[in-house]
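Report on the structure
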Amino acid sequence: MSVQSLESSKIDQETSSTTETSEEEADSHELAEDIDSQEIVEEQLEANNLLVHEQETDGETLIRGRYFVDSSSPLPELDSPTAKAYIVEDRLDTENQLFGLVCTPDLPTRLGTMGYLKRNSISSVMTITDWAPLYWPPLSRTTMIVIFKKPLGGRVLDRIKSKEYVLSGYDVPLKIAQPITLCLEKLHADETSYRAIRAENLFFLTEKMDSIVLGENVTSPPGFDQDSIYEPIERAMCQPEGRGMGSTSDDIFALGVTIGVLMTGKNPIDRLEYEEQIRARLAQGSYNAIFGSINLGEGAKEISLALVAPIRGMMHDDPLSRWTWEDIANWIETRQPKQNVPEVVLKAQTIFTHNKTDYVNPRILAFDFPRNVSEASDTIRNDKAFLKWLEHSLHDQEKIDAVNNVIQSATFHREGHQGSDDYVVSKVCSIIDPTAPIRYKGLSFLPDGFTYTLAIAAARKNKFLVAGEVLIHDIVTGWLDLQEHQPSKIQPIRNKFTRLKKMALTNKLGSGLERALYETNPSLRCLSPYFSSDYVIVIQHLLPALNAAASVSDTQLKPVDRHIIAFIAARFDQDIRQHLKALNSFEDAKSIIGLLSLLAFLQLKLEESELLALSSWIGGLLGPAIESYHNQHTQVRIKKKLPQLVRLGSLSELFDLIDDPELRQKDQEEYINAKLEWEAAEKEIKKIETSREENTLNEESTGKQVAAMISISLGLVFVTIILILQIL
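Residues numbered from 1 in each chain as written. Predicted model: local features only at pLDDT ≥ 70, side-chain atom pairs only at ≥ 80, totals over all residues. Heavy atoms only, no water.

Describing the overall build of the protein chain
In terms of helices and strands, the protein chain carries 30 helices and 13 strands. Relative to its 728 residues, the protein chain shows a buried fraction of 51%. In the structure as shown, the protein chain presents an accessible area of about 34400 Å², 51% of it carried by carbon and sulfur atoms. (Helix = DSSP H or I, 4+ residues; strand = E, 2+ residues; numbered from the N terminus. Buried < 20%, exposed > 50% of the residue type's maximum accessible area, 1.4 Å probe, protein only. Areas by Shrake-Rupley, 256 points an atom, 1.4 Å probe, with all protein chains shown as cover.)

This is the structure:
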């Protein structure tokens, strides 16, 4: 069998599952369109930007043989919340002042955004020079490192606090708002967002402190590094990884908060716990809760007043009433702010008491309900005062009916997921506050933040199966049904989660929740325990990493798991359906041959050199495949030849030995012939035995007849003698 025949392996050529798998493959391509600049991710991979880990030069490990990241030279003043900064030396340009951010290994990066920002140079954004996975000695593992041009003037907020730089309200439009707005204009045109605008992430480009740049936004998921005050209220209620990509409207909110923090020099509500901050914002509106009692200006009163309206407009809690980048640009040019729409905070006319706390705001109650699910569920199901209060506070009969439907459904489906406390509380909270995030079993996210929520749940191994329940139980779809605005944008999200559910429900190797994980997170490394110290982010890294893992792994186990197979299925651009079908077989022989064929196919297509350790590992597991041959002489010959091929490090050679179709056919034919001969011999033996039995019966019958004759004759003789004696 030739190596090329791996492409159309004869392993179990039945195609009963082909249609299902083809649909899954098609779905995965559609899913990719929704991810953080997925097309750019693919372009970067094709350009070979991630295929070089590092290069040894004169005993030093360099990124692409050029950039030396000095682990002994930290730059804490340039740290990001989840990435540490270090000096980078450019060995080809010693005048080039650079620094590198060492990413947290299990935190997804924004690889697509890296490519976007490098390709679309934006003057008001810190310049990305390069990036690559690199073994980092302080962590004893490989992680992503991103290299930037070093901002020479330091962090803006630090300079303000130390009074090295004085920012007046008059300076804000041109020195702060204008450069950021230019960035927002570009991002808006390209239908993307920055999601890392905050006072702590602004830097002076030069030592003269005459121009600012936005700091990095690529070392963690969108919005992950933001203090919650920089997030619109709906995203602030999410867990950091669940905040999502959002839009430039979210960036504008962050800009408003940034201006306020720069003017005051601090976060005005950092003394409050997170939950208290959210309750205050829901009760008063974000602007009033954060800056309402603060004098924003340090100078004359009119300067302070000049900033109040712009900040209010940028921080409006209603996205439809929030300023746009055009509104900001007009304010910068004319200094005349757009008139703001008044904030509306929903309040009930009466008080409802739950868990010893009084509530007049239904959104705050919906925020607090998930903190004690069993008590919240009991209130929803059994407290009639709750429904009455809800009627008076929401003034929306459709929502009241929806809550009642949830309660009735829970009663009917008492034993199903619809009857569980977690499901009931999640549904009712979404009905009460439909713009708030989805809250389920400790997860809190918006739909565009689900993929990062899934990734971090998988990396931390704490809520991965819960994320699977979100898909299987259509919890996101239920949330989408409650949304009143932008139906054209909701339908693609609905389609995406329908496809993800289909993946999650197919619990085979190469499918399942792990497949959904890697299809929707192109910047996520493979989370298999075999790669705990490595950083496998593209398919070209997988076989070398697996080969390295052989020396530290239990080689009695298979060298793959659900993560590895799902990663291959998501990142490898070849048709592997037949390999996966064999791998998923319940027969040990077929399964191990399917594994060998898949990895051999990878080695062939990726033109990977010898894999000695991996070959030895798999070679030790081929017992069931060898024993699947009927001819014992064939088994002995294969076992004898196996060590020689293992030492070649070629998986395709191993596959040709183990599953040679000609040898298989010959073995099968000989087995069939031997079986027929055995059956014929068995029939002959039975015939002989039957004949012997008949002869034995005949002999027995004849003997009996002779004995009878003898007996009769003797009887006659005896009678004759008696008669003679009587006569005499």
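Past the structure itself, the notes keep going.
Considerations on the sheet that holds strand S4 (residues 83-90)
Sheet strands line up and pair through hydrogen bonds in the backbone, either parallel or antiparallel. Reading across the sheet, the five strands line up as S3-S4-S5-S7-S6 and stay open at both edges, with antiparallel pairing between neighbours. Because the sheet does not close on itself, it has two edges, and the strands there are strand S3 (67-74) and strand S6 (128-136). Ignoring strand direction, the axes of neighbouring strands in this sheet form an average angle of 35°. In the packing of helix H3 (residues 111-119) onto the sheet, contacts are made with S6 and strand S7 (141-149), and the angle to S6 comes to roughly 145°. (Pairing = 2+ DSSP bridges. Axes fitted to C-alpha atoms, helices over the stretch in contact; angles between N-to-C directions. Contact = heavy atoms within 4.5 Å.)

Description of the pairing of S6
Most of S6 sits inside the fold, with eight of its nine residues counted as buried. Pairing geometry for S6 and S7, over eight bridges, is antiparallel. When the bridges of S7 are listed, Trp136 appears paired with Arg141. Connecting S6 to the antiparallel partner S7 that follows it, the hairpin turn spans four residues, and Ser140 within it adopts a positive phi of roughly 55°.

Remarks on a nonpolar patch on the surface
A contiguous nonpolar patch, built from Tyr671, Ile672 and Leu676 and spanning about 270 Å² of accessible area, is present on the exposed surface. The residue Leu676 is located in helix H30 (residues 661-727) in this model. (Patch = residues over 30% accessible without salt bridge, like charges linked within 9 Å, V, L, I, M, F, W, Y side chains within 5 Å. Salt bridge = Lys/Arg side-chain N within 4 Å of Asp/Glu carboxyl O.)

Notes on the side chain of Gln635
Tracing the backbone through its elements, the reader meets Gln635 in helix H28 (residues 632-646). Given a relative accessible area of 15%, Gln635 falls into the buried group.

A short note on the pattern of salt bridges
This model, assessed by the stated rule, comprises 24 salt bridges. Each of Asp106, Arg141 and Arg525 takes part in a single network of salt bridges with overlapping partners.

Observations regarding helix H21 (residues 512-520)
Within H21, nine of the nine residues are buried, which leaves the element mostly enclosed by the surrounding structure. For H21, the complete set of buried residues consists of Gly512, Leu513, Glu514, Arg515, Ala516, Leu517, Tyr518, Glu519 and Thr520.

Examining the nonpolar core
Formed by 81 residues in total, the largest nonpolar core has its most connected members in Leu542, Ile568 and Leu599. If you tally residues by element for this core, the top one is helix H25 (residues 588-605), at nine residues. When sequence neighbours within four positions are dropped, the list of residues in contact with Ile568 reads Ile539, Leu542, Ile576, Leu598, Leu599 and Leu602. In this structure, Ile122, Leu187, Tyr287 and Leu307 belong to the second largest nonpolar core, which totals 70 residues. (Core = buried A, V, L, I, M, F, W, Y, C linked by side-chain atoms within 4.5 Å.)

Section: the packing of aromatic side chains
Given two aromatic rings, their pairing is described by the distance between the two centres and the angle made by the two planes. Per the stated rule, a full pass over the model turns up 14 aromatic pairs. Among the aromatic side chains, those forming a connected cluster through ring pairs are Phe352, Phe369, Phe386 and Trp389. The ring of Tyr170 has Arg335 sitting right over it, with the charged end atom 4.8 Å from the ring centre. (Phe/Tyr/Trp six-rings, centres within 6.5 Å; stacked < 30°, edge-to-face > 60°. Lys NZ or Arg CZ within 6 Å of the ring centre and 35° of its normal.)

Looking at the packing of helix H5 (residues 172-189) against helix H7 (residues 248-264)
Direction vectors running N to C along H5 and H7 enclose 165°, while the axes themselves pass 11 Å from each other. When the axis of H5 is compared with that of H7, the two are roughly antiparallel. Judged by the twist between their axes, the crossing of H5 over H7 is right-handed. Of the residues in H7, those in contact with Val172, Ile176, Ile180, Thr181, Leu184, Leu187 and His188 of H5 are Thr248, Asp251, Ile252, Leu255, Ile259, Leu262 and Met263. (Parallel < 35°, antiparallel > 145°, perpendicular 65-115°, else oblique. Left-handed = near helix turned anticlockwise from the far one by under 90°.)

Re unusual backbone geometry
A positive phi angle, near 55°, is found at Met209, a position not held by glycine. Following the sequence through the fold, Met209 ends up in the loop between strand S8 (202-204) and strand S9 (212-214). In this model, Lys441 sits at a positive phi of 50°, which is unusual for a non-glycine residue. Looking at the secondary structure, you find Lys441 in the loop between strand S12 (438-440) and strand S13 (443-445). A relative accessible area of 29% means that Lys441 is categorised as partly exposed.

Some remarks on helix H13 (residues 373-382)
Turning to H13, its buried residues number three or more, namely Ala376, Ser377, Thr379 and Ile380. What you see down the axis of H13 is that its buried residues fit within an arc of 160°, all on one side. Contacts made by the buried residues of H13 are with strand S10 (352-354), helix H14 (384-394), helix H15 (397-412) and helix H16 (421-432). (Arc of directions from axis to C-beta.)

Observations regarding the environment of Ala545
With respect to the secondary-structure elements, Ala545 resides in helix H22 (residues 542-549). Accessibility expressed as a relative area gives 4% for Ala545, which makes it buried. Remark: the alpha-carbon pair of Ala545 and Asp534, spanning 11 residues in sequence, is separated by 6.9 Å. When sequence neighbours within four positions are dropped, the list of residues in contact with Ala545 reads Phe531, Asp534 and Val536.

Overview of the pairing of S4
Relative to S4, S3 is paired through four bridges, and the arrangement is antiparallel. When the bridges of S4 are listed, Pro74 appears paired with Tyr86.

Thoughts on a negative patch on the surface
Judged by side-chain charge, Glu391, Glu398, Asp401 and Glu484 come together as a negatively charged surface patch. Position of Glu391 relative to the elements: it lies in helix H14. (Lys, Arg positive; Asp, Glu negative; His and termini not counted. Charge placed at Lys NZ, Arg CZ, Asp CG, Glu CD.)

A closer look at the environment of Ala589
Summarising the element assignment, Ala589 is placed in helix H25. Taking the relative accessible area as the measure of exposure, Ala589 reaches 16% and is therefore buried. When the C-alpha positions of Ala589 and Leu621 are compared, they lie 9.8 Å apart, and in sequence the two are 32 residues distant. Ignoring any residue separated from it by four or fewer positions in sequence, one finds Ala589 in contact with Pro624, Ala625 and Ser628.

Let's talk about the environment of Ala83
Structurally, the position occupied by Ala83 is in strand S4. Classification of Ala83 by relative accessible area gives buried; the value is 2%.

What about the confidence of the model for the protein chain?
For the protein chain, the mean per-residue pLDDT works out to 86, and 85% of the residues sit at or above 70. Across residues 8-22, confidence stays below pLDDT 50; counting only partners more than four residues off in sequence or on other chains, it has 24 contacts. Here residues 25-35 is modelled with pLDDT under 50, and outside its nearest four sequence neighbours on either side it reaches 21 contacts, counting other chains as well. (pLDDT = per-residue confidence, 0-100.)

Notes on the side chain of Asp70
Among the structural elements, Asp70 can be located in strand S3. Although Asp70 is buried, it forms no salt bridge, and the closest oppositely charged side chain is Arg91 at an N-O distance of 7.5 Å. Reaching out from Asp70, the side chain makes a polar contact with the side chain of Ser72 at a distance of 2.5 Å. Every residue in contact with Asp70, bar those within four places of it in the chain, is listed here: Tyr86, Ile87, Glu89 and Trp136. (Polar contact = N/O pair within 3.5 Å; in protein donor to acceptor, adjacent residues only side chain to side chain.)

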